[in-house]
Amino acid sequence: MTTPTTTFTFRPLDPLRDGALLHSWVTHPKAAYWMMRDARREEVERAYMEIAADEHHHALLGLGEDGGPAFLMEYYDPAHRELVGLYEPEPGDVGMHFLTPATDTPVHGFTRAVITAVVARLFEDPATRRIVVEPDVQNTAVHALNEAVGFVPVGEIQKPEKTALLSFCTRERFERAVAA
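Quantities reported herein were computed from a predicted structural model and do not represent experimental measurements.

Definitions and cut-offs
- Residues numbered from 1 in each chain as written.
- Predicted model: local features only at pLDDT ≥ 70, side-chain atom pairs only at ≥ 80, totals over all residues.
- Heavy atoms only, no water.
- 1 Å grid on protein atoms, 1.4 Å probe; cavity = no way out; pocket = protein on both sides within 12 Å on 5 of 7 lines; lining within 4 Å.
- Points joined across faces, edges and corners; volume = space filled by probe spheres on them.
- Helix = DSSP H or I, 4+ residues; strand = E, 2+ residues; numbered from the N terminus.
- Nonpolar A, V, L, I, M, F, W, Y, C, P; charged D, E, K, R; others polar.
- Pairing = 2+ DSSP bridges.
- Axes fitted to C-alpha atoms, helices over the stretch in contact; angles between N-to-C directions.
- Contact = heavy atoms within 4.5 Å.
- Buried < 20%, exposed > 50% of the residue type's maximum accessible area, 1.4 Å probe, protein only.
- Right-handed = clockwise from strand over helix to strand, strands pointing away.
- Expected span 1.5 Å × (residues − 1).
- Arc of directions from axis to C-beta.

1. Considering the layout of surface pockets
- Approximately 780 Å³ is the volume found for the largest pocket.
- The wall of the largest pocket is formed by 31 residues, among which Tyr33, Trp34, His97, Phe98 and Asn139 lie closest to the centre.
- Elements that contribute at least two residues to the lining of the largest pocket include exactly α2 (41-52), β4 (93-99) and α4 (140-148).
- Each residue belonging to the lining of the largest pocket can be placed in one class, and the counts come to 17 nonpolar, 6 polar and 8 charged.

2. Considering the sheet that holds strand β1 (residues 9-12)
- If you trace the 7 strands from one edge of the open sheet to the other, you get β1-β2-β3-β4-β5-β7-β6, paired in mixed fashion. The open sheet has two edge strands with one neighbour each: β1 and β6 (152-159). Averaged over neighbouring strand pairs, the angle between their axes works out to 30° when direction is ignored.
- Here 5 bridges tie strand β3 (residues 69-76) to β4, and the two strands are oriented antiparallel to one another. Each residue of the ladder has a partner; that of Glu74, found in β4, is His97.
- Against the sheet, helix α5 (residues 171-179) contacts β6 and β7 (162-170), and its axis sits at roughly 85° relative to β7.

3. Observations regarding the pairing of β4
- Within β4, 7 of the 7 residues are buried, which leaves the element mostly enclosed by the surrounding structure.
- Residues Asp93, Gly95, His97 and Leu99 of β4 are buried on one face, and the alternating residues Val94, Met96 and Phe98, pointing to the opposite face, are buried as well.
- Bridge analysis of β4 against strand β5 (residues 130-133) gives 3 bridges, and the strand direction is parallel. From the neighbouring strand, Asp93 faces β5, where its bridge partner is Arg130.
- Crossover handedness for the path β4 to helix α3 (residues 110-123) to β5: right-handed.

4. Some words on α2
- An ideal rise of 1.5 Å per residue puts 16 Å on 12 residues; α2 measures up with 16 Å between its terminal C-alpha atoms.
- Among all positions in α2, only Val44, Glu45, Tyr48 and Ile51 are buried. Projected down its long axis, α2 carries its buried residues within an arc of 115°, all on one side.
- Packing partners of the buried residues in α2 comprise α1 (19-26), β2 (57-63) and β3.

Below, the structure is given as C-alpha cells:
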C-alpha cells in the first residue's frame, strides 16, 4: 500500500481499460457517497466515457510509487457542471471530487495525503484561483479532511441528489494549511 509520504503522479482515466478497477471502487460500501453502489460495470464505464468526452469535466487516476492506481480524482468547471445555478462562480473556480478505494490494510494519513496531492495538482494551474467542493452534509469525515487542507464551508446547498456543504479553498489558505 502507498504511504502518506508518497509523491503521487496522475494519468487520465481510461473508462474501458480502468473499468473493472473503477467499478470495484465506486460500488464498495465505503464509497456510498459516490452514489454508484448498485451500478453495473457497463454503467460505470458509460458514466466515465461521458466525463472523458466532456470539455468541462475530467477524471484522473492518482498513481502510487509502484505506478499502480491509488485513488480517483475528478475536477470540473462549476460554471458548466455540478453547481450551475447553485452558487455564483468566480473566474478561476474549479470543482473537485476524490475517492480513495477501500482497503483491508488502511495506512494512517493516506487519505489526507491524497487530498493534499489532489488540491496541489489543481493549484499547479496558475488559472486556478479557488477550489470548490460540495460533499454530502452527512459526510463528516470528508468535511474534516477538507478543513485540514484549507477549505472553508460557506453553507448548505440543495443538489438534486443530496444536500451538500459548499466549501471553498484558495491557494493561500491551502499553502497555510499544508505548511502548518
